[in-house]
Every structure is written in structure tokens, then in C-alpha cells.
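# Observations on chain architecture
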Amino acid sequence: MEFPLTDPFFWETVIQGLLFGGVLALLSLGLNIIFGVIDVVWICYAELIMLGMYTIYFLYSDYGVPLPLAMGAGILVVALLGAALHHFIIRPILHTEPINQLLVTGGVLFFLQGFATLAFSVEFRNLGVSFGSIEAGDMYIPTTRLLAFIVSLVAVVGLWLFLKRTYLGTAIRAISQDRDVMPLMGVSPRKIYLVTSALGGGLAGLGACLLVLLYDIHPAIGLTFGPITFMVCVMGGLGNMIGGFIAAFIFAEFIALGGFYAEIEWGYVIAFAFFIVMMFIRPQGILGSKS
């Protein structure tokens, strides 16, 4: 058996973990910005991604829409769904107990799963698009995963620039820091909440564009990414986008290396065990602040 540091399969696994971490970072980004601004956790966030994947699939496969346009439509549809979710469901319960918010968004999760099952059946669908692999020495890196990683990094940098350099982004950051004072300065929390929800939905739609290239589409696909996305956000410090970014790569490497040394299922077990231990050590998350 080769020593791991000289084993090309080991380094290929590490790189695969990094690429997967980029996707998890993107998925956590939308959930974190929604919680950071609105202070509500969308338990149904992954189901919005699932609807985005179905939108892209049907536009591309059934209606012949070019893939870039289908992906753009998927982002727009999920952004509108995010805004609608806030306006019709979150806004009326915004000032209720957190448990009520969790139960309502959990109910939306089951509703969307049931709707997708009735509308699309439980059949697994695949976009059927492959971009091959890039060979680097003895390693093979799937182009789709590399593309997803690059898009994730561009989205993270783009969001950071938007929040730092634009008036609307500054208003979003200001509301997240002091939601009681900002209305006195002429900033409407209701409008900022709606924009933030649409932005979070748009990021979910972008996540759908990446996942639809990598995974089969089915009504329960949200269960594959929903729990781990939520745990990434919690471990990074719920609402802290930089912490979530770091936690995404930690989780991804645990999963990838667990699959290298044993089975991929053990990778998830180890990652979840690490999460539990971290919650005892730093319950506020890696970069979260103590309340």
C-alpha cells in the first residue's frame, strides 16, 4: 500500500473534497444570508433547490431550451419562489416564536416534497450532460465538479462585493446588524427582507444549476443536501457567511477522505460525529459570537 502523501488517489480525493466543498459553500450561502438578515431558518431551503432542478430539467429536456437559458430561468423561478415564500408565509409569522417558524417552514418542506411527488412522480431523471474529465498526472478531475467549484467561488466573491460596494448591499448589512435603528434612518425592513429572500432564492437557484449537472433529480433530492447544508451553517455560526464557507470545506473533506479510507457512508458518519463534538466545544459555531 502506498504512503498516502505519495498516492495519487489520495490527492485526487482531497481535490474532490475541495470541489464538493465549493458546492456546499454555495448552498450554505443563501441560507446564511436569509438567517443573518431576517433571523428565520428556512428548513425548506433544499426543496427550493429541488424545484429549480426540475425547472432546468424540463426546460432543457422537454422544451429544448438551451441549457444556459434554462439555468437562467431556473435561477429566476427560484428567486421568485423565495420572495413569494417570504411574503405569503414567513412575513405573517415573522414576530412569532422561533419554534413556530421552524414548524411552518418544515410544513412547507413536506408540502413541496408531496407536490413534486404527485406532479413529477418518484422517477429519477438525469440531464444527460457530461463535460468529461481533466487529466492531471495520474489524477482525473471531473470537469462538471471543477465548473461547479469555480461558479461557487465566483458567486461567493460576487455576493461579498454586492454587500460591500452597493447601496442595497449596505442596507442589507445594516438591517442585519441593527434592525430596530435602521427604520429610523429611512430603510424599510419589509423591502429589505423581500429582496433578501429573493437573493437567497436566487442563490438556491444557482445551486440547482450546479447540482443538476452532478446528480439525478427526484422529489427527495432535498433530503440529500438539506441536513448537511443546515449543519454547515450551524457549525460555521448561523448567519455567518465566512464561517459557513470554512465549515463547508471541513465537512466536504471529512466526507471525501472517509470515502477514501472506508466507505462514503462512513465519511458522512465521521462528519456528523465531528459536528456533534463541535457543538459541545463551540455551540455558537466556528466564527459565531456568544449571545
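Not measured: the values here are computed from a predicted model. (Residues numbered from 1 in each chain as written. Predicted model: local features only at pLDDT ≥ 70, side-chain atom pairs only at ≥ 80, totals over all residues. Heavy atoms only, no water.)

Trp42 and Phe251 are the most contacted members of the largest nonpolar core, which totals 80 residues. The dominant element in this core, judged by the number of residues it contributes, is helix H1 (residues 8–38), at 13 residues. The residues contacting Phe251, other than those within four sequence positions of it, are Leu24, Ile228, Met231, Val232, Met235, Ala271, Phe272 and Phe275. (Core = buried A, V, L, I, M, F, W, Y, C linked by side-chain atoms within 4.5 Å. Buried < 20%, exposed > 50% of the residue type's maximum accessible area, 1.4 Å probe, protein only. Helix = DSSP H or I, 4+ residues; strand = E, 2+ residues; numbered from the N terminus. Contact = heavy atoms within 4.5 Å.)

So, on to the pattern of salt bridges. Considering all chains together, one arrives at 1 salt bridge under this definition. Note that Arg125 is salt-bridged to Glu123, the shortest N-O span being 3.7 Å. Overall, Arg125 belongs to the buried group, its relative accessible area being 13%. (Salt bridge = Lys/Arg side-chain N within 4 Å of Asp/Glu carboxyl O.)

So, on to the packing of helix H6 (residues 167–177) against helix H7 (residues 189–214). Running from N to C, H6 and H7 point in directions that differ by 110°, and their axes come no closer than 10 Å. Here H7 runs roughly perpendicular to H6, going by the angle between their axes. Of the residues in H7, those in contact with Leu168, Ala171, Ile172 and Ile175 of H6 are Pro189, Ile192, Tyr193, Val195 and Thr196. For the contact of H6 with H7, the class distribution of residues is 8 nonpolar, 1 polar and no charged. (Axes fitted to C-alpha atoms, helices over the stretch in contact; angles between N-to-C directions. Parallel < 35°, antiparallel > 145°, perpendicular 65-115°, else oblique. Nonpolar A, V, L, I, M, F, W, Y, C, P; charged D, E, K, R; others polar.)

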